[in-house]
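# Secondary and tertiary structure notes
Here's the letter readout for the chains.
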Amino acid sequence: MTISQGTSKKRKKGKKKKRGIEHIRPKKPFVNYHCLMCHEEEKIPYEVVREMDLMDGGDPITPPRFQCEKCNGEMVPEYYKGIYGTEYKLTDYL
Ligand SMILES: [Zn+2]
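Residues numbered from 1 in each chain as written. Predicted model: local features only at pLDDT ≥ 70, side-chain atom pairs only at ≥ 80, totals over all residues. Heavy atoms only, no water.

## Observations concerning the pattern of salt bridges
On inspection of all chains with the given rule, the structure shows two salt bridges. The closest approach of N and O atoms between K70 and E40, which form a salt bridge, is 3.3 Å. Remark: E40 occurs in the loop between strand 1 (30-35) and strand 2 (41-45) and K70 occurs in the loop between strand 3 (66-67) and strand 4 (74-77); sequence separation between them is 30 residues. Classification of K70 by relative accessible area gives exposed; the value is 64%. On the accessibility criterion, E40 (27% relative accessible area) is partly exposed. Of the charged contacts in the structure, one is a salt bridge between E74 and R65, with a shortest N-O distance of 2.7 Å. (Salt bridge = Lys/Arg side-chain N within 4 Å of Asp/Glu carboxyl O. Helix = DSSP H or I, 4+ residues; strand = E, 2+ residues; numbered from the N terminus. Buried < 20%, exposed > 50% of the residue type's maximum accessible area, 1.4 Å probe, protein only.)

Next up, the structure:
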């Protein structure tokens, strides 16, 4: 009988790409998202939301939105301040 041992040393080679735009520090590490359909809540990392915002081109009307995993409904941020200073609040969508 052989017992497999996890003694092998694993080296992780981390390729880190540094970007020069990280001097702006987010105040909140997470953004609380609420599903408009089933009221599910999800915490999405601020960086992910901001990335979405950047890809969006900083649309001043609609915040970065995510799809609910439970009902595929639309999720909106509880509070999020966009990259151009636009504030989005959950109460705006209720
Ligand atoms: Zn939902």
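From this point, the narrative continues.
## As for the coordination of the zinc ion
Protein coordination at the zinc ion comes from C35 (SG), C38 (SG), C68 (SG) and C71 (SG), with a distance range of 2.3 Å. Considering all four donor atoms around the zinc ion, angles at the metal cover 99 to 114 degrees and the coordination shape is tetrahedral. Summarised as a motif, the one-chain spacing of the donors to the zinc ion is C-x2-C-x29-C-x2-C. Pair noted here: C38 is in the loop between strand 1 and strand 2 and C68 is in the loop between strand 3 and strand 4, with a separation of 30 residues, a long-range link. (Donors = N, O, S within 2.8 Å, 3.2 Å for Na, K, Ca; no water. Tetrahedral: all angles 85-135°; square planar, octahedral: opposite > 155°, others 65-115°.)

## Details of the pairing of strand 4
Judged from the three bridges that link them, strand 1 and strand 4 form a sheet pairing that is antiparallel. Looking across to strand 4, one finds that Y33 is bridged to P77. Here strand 3 runs beside strand 4; their pairing, made up of two bridges, is antiparallel. Counterpart to F66 in the pairing with strand 4 is M75. Adjacent in sequence and paired antiparallel, strand 3 and strand 4 are bridged by six residues, among which N72 carries a positive phi angle near 60 degrees. (Pairing = 2+ DSSP bridges.)

## Some thoughts on the packing of aromatic side chains
Within this structure, the stated rule accounts for three aromatic pairs. Judged by centre distance (6.0 Å) and plane angle (10 degrees), the ring pair of Y80 and Y88 falls under stacked. By the burial criterion, Y80 is buried, and Y88 matches it. Three or more aromatic residues link up through ring pairs in this structure, and these residues are Y46, Y80 and Y88. (Phe/Tyr/Trp six-rings, centres within 6.5 Å; stacked < 30°, edge-to-face > 60°.)

## Things to note about the nonpolar core
V31, Y33, C35, I44, Y46, V49, F66, C68, M75, Y80 and Y88 together form the largest nonpolar core, which totals eleven residues. Looking at this core, the elements that each hand over two or more residues are strand 1 and helix 1 (46-56). At three residues, strand 1 tops the list of elements feeding residues into this core. Not counting the four nearest positions on each side in its chain, F66 is found in contact with Y33, I44, V48, V49, M52, G73, E74 and M75. (Core = buried A, V, L, I, M, F, W, Y, C linked by side-chain atoms within 4.5 Å. Contact = heavy atoms within 4.5 Å.)

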